[in-house]
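Architecture at a glance
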Amino acid sequence: MIIGRIIGTVVSSQKDERLLGKKLLIVRPIDLDGKDQSGYVVAVDTVGAGFHERVIVVGGSSARMAEGNKDCPVDSAIIGVIDTIDIEPDETSR
Amino acid sequence: MIIGRIIGTVVSSQKDERLLGKKLLIVRPIDLDGKDQSGYVVAVDTVGAGFHERVIVVGGSSARMAEGNKDCPVDSAIIGVIDTIDIEPDETSR
Amino acid sequence: MIIGRIIGTVVSSQKDERLLGKKLLIVRPIDLDGKDQSGYVVAVDTVGAGFHERVIVVGGSSARMAEGNKDCPVDSAIIGVIDTIDIEPDETSR
Amino acid sequence: MIIGRIIGTVVSSQKDERLLGKKLLIVRPIDLDGKDQSGYVVAVDTVGAGFHERVIVVGGSSARMAEGNKDCPVDSAIIGVIDTIDIEPDETSR
Amino acid sequence: MIIGRIIGTVVSSQKDERLLGKKLLIVRPIDLDGKDQSGYVVAVDTVGAGFHERVIVVGGSSARMAEGNKDCPVDSAIIGVIDTIDIEPDETSR
């Protein structure tokens with residue numbers, strides 16, 4: 001999974017019927033310092049995430065395992081809102 | 001999913017029979033400002049999208065979940081025509 | 001799917017038995033002007049494509065949906081020989 | 001699979017219910033000399049790996065084949081703690 | 001599929017039980033001239049490949065279709081030892 005920040009929405013009326021009622025959010029991947037990375041992904045929100053929140057995004061066929069996405073044509077889903085990210089860099093290099 | 005713009009078509013007569021009748025469109029990924037990115041993907045249209053329209057493209061096995069693609073040898077499908085993209089950049093950096 | 005040009009073959013006698021009788025071709029991805037891109041992919045031919053022909057290549061689990069590839073350990077398949085590629089660049093930038 | 005080193009954890013309380021009780025670790029890919037590479041991946045620990053340990057990470061739908069991940073919305077899992085990596089570079093170039 | 005050369009092994013005792021008895025090899029991707037490329041992949045050997053041999057590597061869910069990998073948490077498998085690679089570059093550019 002990757003970590004991203006929600007920065008927008010995509011609105012589409014002419015779409016696959018299994019997308020009806022689904023919220024399509026634009027997620028910007030961030031690095032572990034919280035800085036924006038390049039690129040974006042359009043993901044289905046399945047946990048009620050809010051704007052600018054940091055979220056966990058799952059990709060590929062596993063996006064269809066997220067709540068409500070069974071058999072849906074989606075390859076990316078938001079599956080968690082992040083409380084904290086704890087990094088423990090290794091002091092002794094290998 | 002990614003966002004792209006339809007820029008062309010691929011015509012093939014000698015092909016897998018499950019592709020018969022399917023429209024194979026060339027989609028150029030775009031960034032969130034609508035500018036063309038590099039590369040392209042050939043995707044099956046499943047929503048009746050038109051030339052130059054901005055569309056949502058799903059990749060991987062989920063492309064087979066799009067309308068009419070069940071068990072088809074396709075890894076990319078257009079699943080929505082985009083009305084609007086709304087970006088709300090975060091004013092407070094984290 | 002991507003577009004490529006067939007540039008070679010891979011011969012292997014010590015291999016998974018489900019690859020017996022399959023033609024493994026080397027495909028060079030090309031851009032929309034027909035120019036070679038970097039890299040290559042080894043794909044199973046499922047449509048009788050010939051050397052130097054432009055072909056459509058499907059990747060991932062969908063390669064197993066191509067004719068004759070059911071349950072085979074292949075992640076890339078040639079599913080069509082291309083007749084024409086028609087590009088209609090957008091004159092009005094967005 | 002790739003090789004990485006565990007450098008952190010992600011804590012999320014508002015999440016898909018199938019993630020309950022799962023440990024989400026941040027893994028930094030390393031090269032074969034043990035040096036950190038760029039990027040990271042959030043992976044479910046399924047083998048009781050510890051901080052800074054070198055681990056094997058599986059991606060895609062196969063992450064759901066790891067112990068306890070059946071039908072879970074995860075695309076990355078830690079499936080082994082590495083004892084040794086043995087490299088035998090080829091002396092005769094081909 | 002990609003082509004690589006076997007350059008090492010990964011030993012892990014604390015691992016998913018479905019990896020027991022499987023040989024995890026480190027494969028360096030090579031280009032069509034046989035030169036090493038950057039990066040590496042850890043793949044399960046399913047054909048009895050030897051050190052420094054050139055092999056065909058399948059990725060993604062199809063790695064589970066290789067002999068003995070059914071339902072295993074692996075995303076990369078060696079499915080063939082290469083005898084020859086024949087390249088026929090196109091003399092007439094398109």
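In case you missed it, the structure is sitting above this.
Figured I'd write up the structure that's included with this text. Just so you know, these numbers come straight off a predicted model, no measurement behind them.

From N to C terminus, chain A includes zero helices and seven strands. When its helices and strands are written in sequence order, chain A yields β-β-β-β-β-β-β. Considered along the principal axes of its C-alpha atoms, chain A spans approximately 55 × 25 × 20 Å. The buried share of chain A, reckoned over its 94 residues, is 57%. Counting contacts in chain A only where the partners sit at least 6 residues apart, residues at least 24 apart contribute 52% of the total. Approximately 3800 Å² of chain A is accessible, and the part contributed by carbon and sulfur atoms is 47%. With 11 positive and 15 negative side-chain charges, chain A shows a separation of 7 Å between the mean positions of the two kinds.

Across the contact, 32 residues belong to chain E and 36 residues belong to chain C. Across the contact surface, chain E and chain C share zero salt bridges. At the surface where chain E touches chain C, the tally comes to 21 residue pairs in polar contact (both at pLDDT 80 or more). For the side of chain E that touches chain C, the elements supplying multiple residues, two or more each, are strand E1 (2–11), strand E5 (54–59), strand E6 (76–81) and strand E7 (84–87) of chain E.

Let's shift gears to the layout of surface pockets. A volume near 660 Å³ is recorded for the largest pocket. Forming the walls of the largest pocket are 34 residues, and the residues nearest its centre are A:Ser61, D:Gly60, D:Ser61, D:Arg64 and E:Ser61. Looking at the lining of the largest pocket, its residues break down into five nonpolar, 18 polar and 11 charged.

Negative phi is the rule for most residues except glycine; trans is the rule for most peptide bonds. Of note in the backbone geometry, B:Asp71 takes a positive phi value of approximately 60° without being a glycine. In this structure, C:His52 takes a positive phi of about 75° despite not being glycine. Within the secondary structure, C:His52 is located in the loop between strand E4 (41–45) and strand E5 (54–59).

Take the environment of C:Leu32 next. Within the fold, C:Leu32 resides in the loop between strand E3 (24–29) and E4. Since its relative accessible area comes to 16%, C:Leu32 is described here as buried. For the pair C:Leu32 and C:Pro73, spaced 41 residues apart in sequence, the C-alpha separation works out to 30 Å. Beyond its immediate chain neighbours, meaning those up to four positions away, C:Leu32 contacts B:Ile7, B:Ile26, B:Arg28, B:Tyr40, C:Ile3 and C:Ile87.

Another aspect to go through is the relation of the copies chain A and chain D. Between the two chain copies there is a screw-like relation: a rotation about an axis and a shift along it. For the pair chain A and chain D, the relating rotation is 72°, the translation along its axis is 0.0 Å, and the fit reaches an RMSD of 0.0 Å. Given the turn and translation reported, the copies of this chain are related as if by a five-fold rotation axis. When the interface residues of chain A are mapped onto chain D, a mere 3% of them are again interface residues, pointing to distinct binding faces.

Attention now moves to the relation of the copies chain E and chain C. Between chain E and chain C, which share one sequence, the superposing operator has a rotation angle of 72° and an axial displacement of 0.0 Å; the RMSD is 0.0 Å. When the interface residues of chain E are mapped onto chain C, a mere 3% of them again fall at the interface, so the copies present different faces.

Quick look at the pairing of E5(C) now. One ladder, built from four bridges, connects strand E1 (residues 2–11) of chain C with E5(C); its direction is antiparallel. The residue of E5(C) that forms the bridge with C:Ile3 is C:Ile56.

Here we take up the environment of C:Met65. Mapping C:Met65 onto the fold places it in the loop between E5 and strand E6 (76–81). On the accessibility criterion, C:Met65 (19% relative accessible area) is buried. Each C-alpha atom of the pair C:Met65 and C:Ile79 lies 9.8 Å from the other, and the pair is 14 residues apart in sequence. Setting aside anything within four residues of it in sequence, one finds C:Met65 in contact with B:Asp16, B:Arg18, B:Arg64, B:Asp71, B:Cys72 and B:Pro73.

A word on the interface of chain A and chain D. On the side of chain D, 36 residues touch chain A, which itself brings 32 residues to the contact. With both chains or domains summed, chain A and chain D bury close to 2600 Å², and 50% of this area falls on carbon and sulfur atoms. For the interface between chain A and chain D, the tally reads zero salt bridges. At the junction of chain A and chain D, the tally comes to 21 residue pairs in polar contact (both at pLDDT 80 or more). Those elements that place two or more of their residues in the side of chain A that touches chain D are strand E1 (2–11), strand E5 (54–59), strand E6 (76–81) and strand E7 (84–87) of chain A. When grouped by side-chain class, the residues that make up the side of chain A that touches chain D number 18 nonpolar, seven polar and seven charged. With two bridges connecting them, E6(A) and strand E2 (residues 14–15) of chain D associate as antiparallel partners. By the bridge assignment, A:Gly80 is partnered in E2(D) with D:Lys15.

Another aspect to go through is the arrangement of the chains. As for chain D relative to chain B, no contact occurs, and the smallest C-alpha gap between them is 10 Å. Between chain C and chain D there is no contact, and the shortest C-alpha to C-alpha distance separating them is 10 Å.

Pairs can form between side chains of opposite charge once their charged atoms are near each other. Applying the stated criterion across every chain, the model contains 15 salt bridges over all chains. With a closest N to O distance of 3.6 Å, C:Asp71 and C:Lys70 form a salt bridge. One salt bridge in this structure joins D:Arg5 and D:Asp36, with 2.8 Å as the shortest N-O distance. A residue pair is termed long-range when its members are at least 10 positions apart, and D:Arg5 in strand E1 (residues 2–11) and D:Asp36 in the loop between strand E3 (24–29) and strand E4 (41–45) qualify at 31 residues. Residue D:Arg5 is classed as buried on the basis of its relative accessible area of 7%. The class of D:Asp36 is partly exposed, set by a relative accessible area of 42%.

Another aspect to go through is the side chain of A:Thr46. All names here are of chain A. Within the element layout of this structure, Thr46 appears in the loop between strand E4 (41–45) and E5. At a separation of 2.6 Å, a polar atom in the side chain of Thr46 contacts the main-chain carbonyl oxygen of Ile78. Contact partners of Thr46, with chain neighbours within four places excluded, come to Ala66, Glu67, Asn69, Ala77, Ile78 and Ile79.

Conventions adopted
Residues numbered from 1 in each chain as written. Chains lettered and ligands numbered in written order. Predicted model: local features only at pLDDT ≥ 70, side-chain atom pairs only at ≥ 80, totals over all residues. Heavy atoms only, no water. Helix = DSSP H or I, 4+ residues; strand = E, 2+ residues; numbered from the N terminus. Buried < 20%, exposed > 50% of the residue type's maximum accessible area, 1.4 Å probe, protein only. Contact = heavy atoms within 4.5 Å. Areas by Shrake-Rupley, 256 points an atom, 1.4 Å probe, with all protein chains shown as cover. Lys, Arg positive; Asp, Glu negative; His and termini not counted. Charge placed at Lys NZ, Arg CZ, Asp CG, Glu CD. Salt bridge = Lys/Arg side-chain N within 4 Å of Asp/Glu carboxyl O. Polar contact = N/O pair within 3.5 Å; in protein donor to acceptor, adjacent residues only side chain to side chain. 1 Å grid on protein atoms, 1.4 Å probe; cavity = no way out; pocket = protein on both sides within 12 Å on 5 of 7 lines; lining within 4 Å. Points joined across faces, edges and corners; volume = space filled by probe spheres on them. Nonpolar A, V, L, I, M, F, W, Y, C, P; charged D, E, K, R; others polar. Least-squares fit on C-alpha atoms with pLDDT ≥ 70 in both. Pairing = 2+ DSSP bridges. Buried area = accessible area lost by both parts, 1.4 Å probe.

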